[in-house]
Amino acid sequence: MSHFRLARISLILAAIGLNAAPALLGMSAASAAEKAAAPAAEAPKPDTVRPEIYKLVDPVQIKDLMAAKNYTEVQSRLDQAEAMANRTPYEDFVLNRMRVALGSVTNNNAITIPALEAVIASGKLPANEQAQFAQALGTIYYNTKDYPKAVTWFKRYQAESGDTKTVRPFILRAYFFSNDFATVKSEVETDLAANKAAGTRPTIETLQLLANVGAKTKDTALYLRAIEELATYYPTDAYWADLLARTQGKATFSTRFQLDVLRLQKLVMSKMGADDYVDMAELALQAGFFVEAKKAVDAGFELGELGTGPNAAKHKKLRDTANKGAADDAKTIASGEAAAAKSKDGVGLVNLGYAYVTMDQFDKGLELMEKGIAKGVLKNPDDAKLRLGYAYAMAGKKAEAIKTLSAVQGNDGRNDLARYWLVWLNRADTNAPAAAPAAK
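All values reported here derive from a predicted model rather than from experimental measurement.

Draft legend 1. Geometry of helix H24 (residues 414-425). The end-to-end C-alpha distance of H24, which contains 12 residues, comes to 16 Å, matching closely the 16 Å that a straight helix rising 1.5 Å per residue would cover. Counted residue by residue, H24 has 10 buried out of 12 residues, so it is predominantly covered. Listing the buried residues of H24 in full gives Arg 414, Asp 416, Leu 417, Ala 418, Tyr 420, Trp 421, Leu 422, Val 423, Trp 424 and Leu 425. Tucked into the core, H24 has its buried residues touching helix H13 (220-233), helix H14 (237-248), helix H15 (258-268), helix H22 (381-394) and helix H23 (398-406).

Draft legend 2. Highlighting the packing of helix H7 (residues 109-121) against helix H8 (residues 127-143). Between H7 and H8, the least distance of the axes is 10 Å, while the angle of their chain directions is 150 degrees. Handedness of the crossing formed by H7 with H8: left-handed. When H7 is examined against H8, the residues Asn 109, Thr 112, Ile 113, Leu 116, Glu 117, Val 119 and Ile 120 are found in contact with a partner set consisting of Gln 130, Phe 133, Ala 134, Ala 136, Leu 137, Ile 140 and Tyr 141. Looking at the contact of H7 with H8 residue by residue, the class counts come to 10 nonpolar, 3 polar and 1 charged.

Draft legend 3. Looking closely at the environment of Met 269. When you line up the elements, Met 269 lands in the loop between H15 and helix H16 (274-287). Sequence-wise, Met 269 and Thr 236 are 33 residues apart; in three dimensions their C-alpha atoms are separated by 7.3 Å.

Draft legend 4. Local environment of the nonpolar core. Counting 126 residues, the largest nonpolar core has Trp 240, Leu 264, Leu 386 and Leu 405 as its most contacted members. Setting aside its immediate chain neighbours within four residues, Leu 405 contacts Leu 386, Gly 389, Tyr 390, Ala 418, Trp 421, Leu 422 and Leu 425.

Draft legend 5. Region of interest: the environment of Pro 381. Relative to the elements of secondary structure, Pro 381 occurs in helix H22. The exposure class assigned to Pro 381 is partly exposed, which follows from its relative accessible area of 40%. Remark: the alpha-carbon pair of Pro 381 and Gly 346, spanning 35 residues in sequence, is separated by 9.4 Å.

Draft legend 6. Region of the structure containing the packing of aromatic side chains. Counting across every chain of the model gives 14 aromatic pairs. On the numbers, 5.3 Å between centres and 65 degrees between planes, the contact of Phe 176 with Phe 181 is edge-to-face. Grouping residues by exposure puts Phe 176 and Phe 181 together as buried. Ring geometry for Trp 421 and Trp 424: centres 5.9 Å apart, planes at 80 degrees, overall edge-to-face. Note that Trp 421 and Trp 424 are positioned in helix H24 at a spacing of 3 residues, about one turn of the helix. Neither residue differs from the other here; Trp 421 and Trp 424 are each classed as buried. By way of ring pairs, the aromatic residues Tyr 142, Tyr 147, Phe 154, Phe 170, Phe 176, Phe 177 and Phe 181 are connected into one cluster. Geometry around Tyr 356 places Lys 364 over its ring, the cationic atom sitting 5.8 Å from the centre. Positioned above the aromatic ring of Trp 424 is the side chain of Arg 427, whose terminal nitrogen or guanidinium carbon lies 3.9 Å from the ring centre.

Draft legend 7. Up close: the confidence of the model for the protein chain. Of all residues in the protein chain, 87% have pLDDT values of 70 or greater, and the mean over the chain is 89. pLDDT under 50 marks residues 431-440. Its contacts with residues more than four places away, or in other chains, come to 25 contacts.

Thresholds, definitions, all that
Residues numbered from 1 in each chain as written. Predicted model: local features only at pLDDT ≥ 70, side-chain atom pairs only at ≥ 80, totals over all residues. Heavy atoms only, no water. Helix = DSSP H or I, 4+ residues; strand = E, 2+ residues; numbered from the N terminus. Expected span 1.5 Å × (residues − 1). Buried < 20%, exposed > 50% of the residue type's maximum accessible area, 1.4 Å probe, protein only. Contact = heavy atoms within 4.5 Å. Axes fitted to C-alpha atoms, helices over the stretch in contact; angles between N-to-C directions. Left-handed = near helix turned anticlockwise from the far one by under 90°. Nonpolar A, V, L, I, M, F, W, Y, C, P; charged D, E, K, R; others polar. Core = buried A, V, L, I, M, F, W, Y, C linked by side-chain atoms within 4.5 Å. Phe/Tyr/Trp six-rings, centres within 6.5 Å; stacked < 30°, edge-to-face > 60°. Lys NZ or Arg CZ within 6 Å of the ring centre and 35° of its normal. pLDDT = per-residue confidence, 0-100.

What follows is the structure, encoded as structure tokens:
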């Protein structure tokens, strides 16, 4: 999960902790006015702070003491005021507001928490400050890992402020850290549905949270779905590598799609590991796609993954083999068209067409692949459709690629690969950043 943190409590309370000062000054003036002129009989009696308490907590003096970090003196004055008998509810309210300020700047939750709760319960806060104090209290409980209370106060903040977004991520994480994974999953699913309905992308933190729920509950399908969404909206090498590796780890995955996986992996990642380039080249050579093998080896050398280290000689030998095969194939490929056209099975045309695609002769290659599929592929016909679909993608024919890939069926890896090609094809529509942190 990304390092998603709340602001320090002192920042949240900076504007409200000592706002009692103007009120105190106003109350002192109100008391003087009462002596100068008799108030109307029906006027409500204003809240006041008696002079002996006011002398201790004069806001100007308290502000100067706080600025000088003389917190011991501030605490002493508050304690002296607290010791006075017959305090009014409003006097307690003023003292607790000052305790909130003192506790927040000294990181003393033993002072801050009860003072915050008392201030909120007093009923004397303006509506906007009531919500801010609820948020502050939820923040403290979250940071001290009292997640049930954090949820309670964050929800109160939402109800009183009307702001349902600011603390939403922390409510979800509070559920997660409380091991209430069922609630997290349900709530995140609701948020994702809302994103889809609104046509907006989910946040990376939301998707990482869903992935972590899948990991914690050993729900592989949920985890894969979350990683697929991350690869869609926030593509990185790490997400793609994880997605493709775990797809190959499925019990239903067929090893005949190993080369297909590497084709996609080479496209979506900035670079692969040395073993991946070697495997792709060797599998392409076995399948008779010599130019594809050459391109894989060349990419590995260009990126510095091949040609160095203890296997440098093997890499050079593989490159020589691929280069020779590619050169020979360029000379003889056309000679195979007649035999492929005469075959009752269209697989020969499909393979020959894909070989032309690897040579960047897209029109020629796609025409042969289409003819092969139209003739009929007897064994695993959807394999041919998958390869035609991503051949369209490689040729830049997005509409044809999407139509073909969307029709691919099969739970042995075909459907997954078709869907991942669609993710890559639609990547420009997600407005995702170029890079994003990987989920832990």
